[in-house]
Structure formats: structure tokens, C-alpha cells
Amino acid sequence: MFAVVVTFKIKVGMINEFMPLMLENARASLRDEPGCHQFDVCTDEAQPDSVFLYEIYSDLAAFEAHQQTPHFQQFGKTGGSMIESKDLRTFARVHQ
């Protein structure tokens, strides 16, 4: 398994527009991508402009395929301008 963690800082005042787009991307990933096994979207009231993602893929190739999907591309077009910063990290091995 291959893990991806992403922390977004969303521009002030944009979180209510951003979240539906993010949640749809997560749902489409789980529904349409056989290599996507988990896609958690995490928020915290104490950090109102932060969104944390935890994603599990079969392998690096499945994550790379995810980045080529229409829903991922659409999310980038519509949600990208709402993101102030993004920290993406990957982990090649998941121990369970």
C-alpha cells in the first residue's frame, strides 16, 4: 500500500466553497478508482482554514493514475485558486 497525506491551507473566506469540491473529489476517487482504498478528508474547528487528507492507494502507479482522472483534473481547475498553500507527502509503505 502507498499513503498520501496532504495539508491544505485555504484562503480566508473560501472554505465553504472549497469543501464541497474536495468532498466530491474524495467520493469520486473511492467510487471510480479501483486502486484508491481510502480517502479521508479531515477538518477541525480550531483550524478553520486547514484541510487534511489521508489517502491509501494500492501502489504508486494507482496514485499516479488518480492524478490523471477527470475528477482530479476538474478539482484542480475549480478548487486550485482557493488554496493558499499545499503540503503533499507520500509514504511508500503502510504497516497495518
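In what follows, the accompanying structure is described.

Parameters at a glance
Residues numbered from 1 in each chain as written. Predicted model: local features only at pLDDT ≥ 70, side-chain atom pairs only at ≥ 80, totals over all residues. Heavy atoms only, no water. Helix = DSSP H or I, 4+ residues; strand = E, 2+ residues; numbered from the N terminus. Rg over C-alpha atoms; globule rule 2.2 N^0.38 Å. Contact = heavy atoms within 4.5 Å. Pairing = 2+ DSSP bridges.

Some words on the overall build of the protein
When you go through the protein residue by residue, the secondary structure sums to 3 helices and 4 strands. Start at the N end of the protein and walk to the C end: the helices and strands fall as β-α-β-β-α-α-β. In terms of overall dimensions, the protein is globule-like: its C-alpha atoms have a radius of gyration of 13 Å, near the 12 Å expected for 96 residues. Referenced to the eigenvectors of the C-alpha coordinate spread, the extents of the protein come out at roughly 35 × 30 × 20 Å.

Focus on the side chain of Asn-25
Locating Asn-25 in the fold gives a position in helix H1 (residues 15–32). Ignoring anything within four residues of it in the chain, the contact list for Asn-25 reads Phe-39, His-66, His-71, Phe-72 and Phe-75.

What about the pairing of strand S3 (residues 50–57)?
Direction of pairing for strand S1 (residues 2–10) relative to S3: antiparallel, over a ladder of 8 bridges. Bridge pairing links Val-5 to Tyr-54 in S3. Where strand S2 (residues 36–42) lies against S3, 6 bridges are found, and the strand directions are antiparallel. Across the sheet, Gln-38 pairs through a bridge with Ile-56, a residue of S3.

With respect to the environment of Ala-28
Within the secondary structure layout, Ala-28 lies in helix H1. On a C-alpha basis, the gap between Ala-28 and Ala-92 in space is 23 Å, while along the polypeptide they are 64 residues apart.

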